[in-house]
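Here is how the chains run, residue by residue.
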Amino acid sequence: MGRVRIGINPLTWSNDDLPSLGGETPLETALAQGRAAGFEGFELGVKFPREAGVLGPILERHDLVLASGWFSGRLLEQSVEAEIAAITPHVELLAALGCSVLIYAEVSGSVQGQRSTPLSHRPRLRDRDWGSFGERLGEVAAFTASRGLALSYHHHMGTVVETGAEVDRLMEVTPEDVHLLLDTGHLLFAGGDPLAVLDRYGPRIAHVHCKDIRPQILADVRNRDTSFVEAVLAGVFAVPGDGCIDYPGVFARLARMNYRGWLIVEAEQDPVIAPSLPTAERAFRYLRASAAAAGLV
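Residues numbered from 1 in each chain as written. Predicted model: local features only at pLDDT ≥ 70, side-chain atom pairs only at ≥ 80, totals over all residues. Heavy atoms only, no water.

**Points about the sheet that holds strand 8 (residues 205-210)**
Stage number 1. Strand order in the open sheet formed by nine strands is 3-2-1-11-8-7-6-5-4, and the pairing between neighbours is parallel. Looking at strand neighbours, the two that pair on one side only are strand 3 (65-68) and strand 4 (70-73), the edges of this open sheet. For this sheet, the mean inter-axis angle between neighbouring strands, taken without regard to orientation, is 35°.
Stage number 2. Strand direction decides the pairing type here: strand 5 (residues 101-106) and strand 6 (residues 150-154), joined by four bridges, are parallel. (Pairing = 2+ DSSP bridges. Helix = DSSP H or I, 4+ residues; strand = E, 2+ residues; numbered from the N terminus. Axes fitted to C-alpha atoms, helices over the stretch in contact; angles between N-to-C directions.)

See the structure below:
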């Protein structure tokens, strides 16, 4: 598609953390509908086989490629050597299927999947621990880079790197091998500014998740200090174009920095309320038109 590629996460069909949301939908349905909607690639989900020799032919049958896949990091709980050993099968799968980016998030102590735990109870790094964390993360990123994969750190609600200030600190304490995944929805949810992050760290952004926010629902879940799961169930997230995020501004900045990675639709919604195929079609049309207007495709 030119300078950027447009893909989607299978959350539009079934939620990895909440099997009640689309858990009965077969992987083949998601892939067929995603391709019909226009998407070129998918990120991994729990229903995807984790053997390249099995997954590759499935994707090829649907004329799709693998865009990337999430890895749950536990560097705050184990050694660098143990982390590299844990991530190696994931690295090998992504590399075998032609990916250039690995999505990484530190999940030690995370409350993102705990329905009864308010987001205010999430873990936080002590000031004196940031330097060590950044150094050790850099070692993992150097390993993935040696296998042809840019480690793209995913700031995420409910984790130790959530806010704009924490993204700043992460970028400050890590070497260039540690790239950033910009998730527009998570950043705005946490009170950050996607445009400011793009202006500040453009050259280090290696992957983009396009997730919109419904501002009235965001205000409500913040006011009630709900869990991340409850916020999702309340409908805080939407596909691009259905919320308040300035995607033309986002894409204009990506064009100025000559971004050449993926734009991935990733929006946790209940497929009963937001039917998967029409939602995916609408998201693709919006992303393609907005990216084209900015000169990205």
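**So, the state of the cysteines**
Stage number 1. According to the stated counting rule, one finds zero disulfides in the structure shown.
Stage number 2. In this structure Cys99 is not part of a disulfide, and its nearest cysteine sulfur, from Cys210, lies 17 Å away.
Stage number 3. In this structure Cys99 comes out as buried when scored by relative accessible area, which is 8%.
Stage number 4. Sulfur of Cys244: no disulfide; nearest cysteine sulfur belongs to Cys210 and is 14 Å away.
Stage number 5. For Cys244, a relative accessible area of 41% puts it in the partly exposed group. (Disulfide = S-S within 2.5 Å. Buried < 20%, exposed > 50% of the residue type's maximum accessible area, 1.4 Å probe, protein only.)

**Topic: the pairing of strand 3**
Stage number 1. One ladder, built from three bridges, connects strand 2 (residues 41-43) with strand 3; its direction is parallel. Along strand 3, the bridge assignment pairs Gly41 with Val65.
Stage number 2. After leaving strand 2, the chain enters helix 2 (residues 52-61) and then returns to the sheet as strand 3, a path that is right-handed. (Right-handed = clockwise from strand over helix to strand, strands pointing away.)

**Re helix 4 (residues 130-146)**
Stage number 1. The end-to-end C-alpha separation of helix 4 is 24 Å, in line with the 24 Å expected for 17 residues at 1.5 Å each.
Stage number 2. Listed as buried for helix 4 are Trp130, Phe133, Gly134, Arg136, Leu137, Gly138, Val140, Ala141, Phe143 and Thr144.
Stage number 3. Where the residues of helix 4 are buried, they touch helix 3 (80-96), strand 5, strand 6, helix 5 (164-173) and strand 7 (178-183).
Stage number 4. Phi turns positive one or two residues past the end of helix 4, at Gly148, with a value near 85°. (Expected span 1.5 Å × (residues − 1). Contact = heavy atoms within 4.5 Å.)

**With respect to the pattern of salt bridges**
Stage number 1. Under the criterion given, the structure shown has 17 salt bridges.
Stage number 2. Across the pair Lys211 and Glu266 runs a salt bridge, and its minimum N-O distance is 2.8 Å. Linking Lys211 in the loop between strand 8 and strand 9 (212-213) with Glu266 in the loop between strand 11 (262-265) and helix 11 (276-293), this pair joins segments that are 55 residues apart in sequence.
Stage number 3. Classification of Lys211 as buried rests on a relative accessible area of 0%. (Salt bridge = Lys/Arg side-chain N within 4 Å of Asp/Glu carboxyl O.)

**Quick look at the packing of aromatic side chains**
Stage number 1. Summed over all chains, the structure comprises 10 aromatic pairs.
Stage number 2. Between Phe189 and Phe237, the ring centres sit 6.0 Å apart and the planes meet at 55°, which makes this aromatic pair tilted. You can see Phe189 sitting in helix 6 (residues 184-189) and its partner Phe237 sitting in strand 10 (residues 237-238), a full 48 residues away along the chain.
Stage number 3. According to the relative accessible area criterion, Phe189 is buried, its value standing at 5%.
Stage number 4. Here a set of aromatic residues connected by ring pairs shows up, and it is made of Trp13, Phe42 and Phe48.
Stage number 5. Its end group placed over the ring of Phe237, Lys211 keeps NZ or CZ at 4.7 Å from the ring centre. (Phe/Tyr/Trp six-rings, centres within 6.5 Å; stacked < 30°, edge-to-face > 60°. Lys NZ or Arg CZ within 6 Å of the ring centre and 35° of its normal.)

Function cannot be inferred from these measures alone, as they are strictly geometric.
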